Amino acid sequence: MVKRPLHILAVSLALILLASTIVIAAGSSTKTDKELSQENGIIEKPKDTATSCDNFNTRRDRIQCRLLLNQFNNENTIDESCVNIRNQVACQAIYKESYKCYDLPGRAKDACLKRAAGFEKITLAEQSKAGEDKQQIRNYLVLVLYDLQEKVEDAQENQEITTEDAAILIDKIIEIKQEVLKFRTKGELKPKMKTLKDLWGTIMK
Amino acid sequence: MNKKIIITLIIIAILIASFFLISYAIDKNSEEPSKSTEELNILYTDLQNSQDDFAAIDNALDALGD
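Bear in mind the structure is a predicted one, so any value in this text is a computation, not a measurement.

**Remarks on the overall build of chain B**
Of regular secondary structure, chain B possesses three helices and zero strands. For chain B, the sequential pattern of α-helices and β-strands runs α-α-α. Out of the 66 residues in chain B, the part that is buried amounts to 23%. Carbon and sulfur atoms make up 61% of the accessible area of chain B, which totals about 4,800 Å².

**Observations concerning the state of the cysteines**
Residues and elements named next belong to chain A. Scanning the model with the defined rule gives three disulfides over all chains in all. Between the sulfur atoms of C53 and its disulfide mate C65 the distance is 1.9 Å. In this structure the cystine formed by C53 and C65 twists about its S-S bond by roughly -70°; its chirality is therefore left-handed. In this pair, C53 sits in the loop between helix 2 (33–39) and helix 3 (59–68) while C65 sits in helix 3, placing the two residues 12 residues apart along the sequence. Relative accessible area serves as the criterion here: at 9%, C65 is assigned to the buried category. Between the sulfur atoms of C101 and its disulfide partner C112 the distance amounts to 2.1 Å. Handedness here is read from the sign of the S-S torsion; for C101 and C112, about -65°, the answer is left-handed. Here C101 is found in the loop between helix 4 (88–98) and helix 5 (106–117), whereas its partner C112 is found in helix 5, with 11 residues between them in sequence. Judged by its relative accessible area of 0%, C101 falls in the buried class. Assessed through its relative accessible area of 6%, C112 is described here as buried. Across chain A, the disulfide pattern expressed with sequentially numbered bonded cysteines is 1-2, 3-4, 5-6.

**Concerning the packing of aromatic side chains**
In this structure the tally under the stated criterion is six aromatic pairs over all chains. Ring geometry for Y99 of chain A and Y146 of chain A: centres 6.2 Å apart, planes at 70°, overall edge-to-face. One end of the pair, Y99 of chain A, is in the loop between helix 4 and helix 5; the other, Y146 of chain A, is in helix 7 (residues 135–157), and 47 residues separate them in sequence. Judged by relative accessible area, which is 2%, Y146 of chain A ranks as buried. Geometrically, the ring pair formed by W200 of chain A and F54 of chain B is edge-to-face, given 5.5 Å between the ring centres and 85° between the ring planes. In this pair, W200 of chain A is assigned in helix 9 (residues 186–203) and F54 of chain B in helix 3 (residues 50–64), connecting two distinct chains. Of the two residues, W200 of chain A and F54 of chain B, both sit in the buried class. Cluster of aromatic residues (ring-pair linked, three or more members): Y95, Y99, Y102 and Y146 of chain A.

**Quick word on the environment of I168 of chain A**
All names here are of chain A. Mapped onto the elements, I168 comes out in helix 8 (residues 163–181). On the basis of relative accessible area, I168 is assigned to the partly exposed category, the value being 24%. Remark: the alpha-carbon pair of I168 and W200, spanning 32 residues in sequence, is separated by 9.9 Å. Apart from residues no more than four positions distant in its own chain, I168 is found in contact with R60, L199 and I203.

**Thoughts on the pattern of salt bridges**
All names here are of chain A. Under the defined criterion, the tally for this structure stands at 18 salt bridges over all chains. When the shortest N-O distance is used, the salt bridge between D171 and R60 registers 3.4 Å. Here the residue D171 occupies a position in helix 8, and R60 occupies one in helix 3, the gap between them amounting to 111 residues. On the basis of relative accessible area, D171 is assigned to the buried category, the value being 10%.

What counts and how
Residues numbered from 1 in each chain as written. Chains lettered and ligands numbered in written order. Predicted model: local features only at pLDDT ≥ 70, side-chain atom pairs only at ≥ 80, totals over all residues. Heavy atoms only, no water. Helix = DSSP H or I, 4+ residues; strand = E, 2+ residues; numbered from the N terminus. Buried < 20%, exposed > 50% of the residue type's maximum accessible area, 1.4 Å probe, protein only. Areas by Shrake-Rupley, 256 points an atom, 1.4 Å probe, with all protein chains shown as cover. Disulfide = S-S within 2.5 Å. Phe/Tyr/Trp six-rings, centres within 6.5 Å; stacked < 30°, edge-to-face > 60°. Contact = heavy atoms within 4.5 Å. Salt bridge = Lys/Arg side-chain N within 4 Å of Asp/Glu carboxyl O.

Right, dumping it as structure tokens:
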């Protein structure tokens, strides 16, 4: 008499368990194509390759070409600072993470950039103590330099500065970003920043 | 005999459910930054213009150390 309901209960329990396990497993493994391609180290290549600025020999020419074709706002273009970097995929991934930050207002932008850079703490001083290799601070440096680059691009778009001048500034910014990513020391980076500030004062006014 | 099987199954079910609940709670907690209040927000740098960017870069360079 009692056996049958007990059997049914046991089977039902087993089925519920199996079903919930499948649902949870499916839910936790659902990822977007973007996430999957990032994990697999695949960076989407520019779809429009009709006019490729990559064919120019010098960095400044490539920059000028991209400014003229308005290719800097293309998320699929690999940033110059990631070229010839040991871990190009990781480098580009930081930029991809940060694109959404640049339209945010001041403090929100900083918070967003720090998150994209992989900060575990809020302030630079705290983060400096937290990360041994200080990679997150280097990432943050690159992302704030990119904010400067965006300002140059905007000025060029609004015809406040010439394309040539914009290319000179962006070339310098990218050079510094590359140096940061090549683990140059503070002593090596400071003079380059001084040069950029001087250039900025002359061109942007 | 049957009762024993059922009790064992129930215990296993509770254990598995607890495992998933705990994992879910840990995941959820790690996703949500605990430092998102306005008070803590003040600690962030106000990146409004190029001067703010340059100042933030200088500070970051100092934080790099030698």
